[in-house]
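Listed below, chain by chain, are the residues.
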Amino acid sequence: MTNELQNPSVLIVDDVPANIRVLADFLRDGHDIHVATRGAEALDLARRLHPDVILLDVVMPDMDGYAVCRSLKADPATNDIPVIFVTARFAPEDEALGLSLGAVDYIAKPVSRAVVRARVKNHLELRAVR
């Protein structure tokens, strides 16, 4: 959990390095950024680091984001970490599935700096209240 002395930690999970760079650049100021490029790596980092929020792509080669989210929400060690999907899959049924799996938000690519920053900030504040 965060406190006043440290920046909130964000785990960015995407298999495309350019997508990771964009999100990391948006959030670098005021956040500790961690990255994973595969689902299993994301699960391991989430358990070890317990980030304050996870930005998760849906389409990945080894394990899609939906499976990662299911695993995070099934594990008592990680089920309280807010997950925000950041994905090119933006059909209503994709968004509904992501939210039904326990994600707190769903952002469609291409992403906007203002939207990403605002949504991350909002979910960090909500988490702090809880």
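So, here is what we can say about the structure in this document. Bear in mind the structure is a predicted one, so any value in this text is a computation, not a measurement.

## Observations regarding the overall build of the chain
In terms of helices and strands, the chain carries five helices and five strands. Secondary structure elements of the chain, listed N to C terminal, follow the sequence β-α-β-α-β-α-β-α-β-α. Against the 2.2 N^0.38 benchmark of 14 Å for 130 residues, the chain shows a C-alpha radius of gyration of 13 Å, consistent with a compact globule. Over its C-alpha atoms, taken along the principal directions, the chain stretches across nearly 40 × 30 × 25 Å. Taking all 130 residues of the chain together, 42% fall into the buried category. Summarising the internal contacts of the chain: among those between residues at least 6 apart in sequence, 58% fall at separations of at least 24. When the 15 basic and 19 acidic side-chain charges of the chain are each reduced to a single mean position, those positions are 1 Å apart.

## Here we look at the packing of aromatic side chains
Scanning the entire structure with this criterion turns up two aromatic pairs. Ring geometry for Tyr66 against Phe85: centres 5.4 Å apart, planes inclined by 65 degrees, an arrangement best described as edge-to-face. You can see Tyr66 sitting in helix α3 (residues 65-74) and its partner Phe85 sitting in strand β4 (residues 83-87), a full 19 residues away along the chain. Tyr66 gets classed as buried once you look at its relative accessible area, which sits at 4%. Assessed through its relative accessible area of 0%, Phe85 is described here as buried. The interplanar angle of 50 degrees and the centroid separation of 5.8 Å between the aromatic rings of Phe85 and Tyr106 together place this pair among those described as tilted. A residue pair is termed long-range when its members are at least 10 positions apart, and Phe85 in strand β4 and Tyr106 in strand β5 (residues 105-108) qualify at 21 residues. An identical accessibility class is assigned to Phe85 and Tyr106; each is buried.

## A closer look at the nonpolar core
Generally speaking, a soluble globular protein has its nonpolar side chains buried in company with each other. Formed by 21 residues in total, the largest nonpolar core has its most connected members in Val13, Ile54, Leu56 and Phe85. Of all the elements in the fold, those that place two or more residues in this core are β1 (9-13), α2 (39-49), β3 (53-56), α3 and β4. Leaving out residues up to four positions away in the same chain, Val13 has contacts with Ala36, Arg38, Ala42, Ile54, Leu55, Leu56, Asp57 and Met60.

## Observations concerning the pairing of β1
A large share of β1 lies buried, amounting to five of its five residues. Pairing of β1 with strand β2 (residues 32-36) involves five bridges; the strand directions are parallel. When the bridges of β2 are listed, Val13 appears paired with Ala36. In this region the chain leaves β1, passes through helix α1 (residues 17-27) and returns to the parallel neighbour β2; the handedness of that crossover is right-handed.

## Some thoughts on the side chain of Thr78
Looking at the element boundaries, Thr78 is found in the loop between α3 and β4. Judged by its relative accessible area of 2%, Thr78 falls in the buried class. Residues contacting Thr78, with those up to four places away along its chain left out, are Ala46, Arg47, His50, Ser71 and Leu72.

## Focus: the sheet that holds β2
With parallel pairing, the five strands of this open sheet are ordered in space as β2-β1-β3-β4-β5. Since the sheet does not close on itself, it has two edges, and those belong to β2 and β5, each with one partner. In this sheet, adjacent strand axes meet at a mean angle of 20 degrees when their direction is disregarded. Bridging between β1 and β3 involves four bridges; their strand directions are parallel. Bridging from a neighbouring strand, Leu11 pairs with Ile54 of β3. Contacts between α3 and the sheet are confined to β3, β4 and β5, with β4 contributing the most and set at about 175 degrees to the helix.

Rules behind the numbers
Residues numbered from 1 in each chain as written. Predicted model: local features only at pLDDT ≥ 70, side-chain atom pairs only at ≥ 80, totals over all residues. Heavy atoms only, no water. Helix = DSSP H or I, 4+ residues; strand = E, 2+ residues; numbered from the N terminus. Rg over C-alpha atoms; globule rule 2.2 N^0.38 Å. Buried < 20%, exposed > 50% of the residue type's maximum accessible area, 1.4 Å probe, protein only. Contact = heavy atoms within 4.5 Å. Lys, Arg positive; Asp, Glu negative; His and termini not counted. Charge placed at Lys NZ, Arg CZ, Asp CG, Glu CD. Phe/Tyr/Trp six-rings, centres within 6.5 Å; stacked < 30°, edge-to-face > 60°. Core = buried A, V, L, I, M, F, W, Y, C linked by side-chain atoms within 4.5 Å. Pairing = 2+ DSSP bridges. Right-handed = clockwise from strand over helix to strand, strands pointing away. Axes fitted to C-alpha atoms, helices over the stretch in contact; angles between N-to-C directions.

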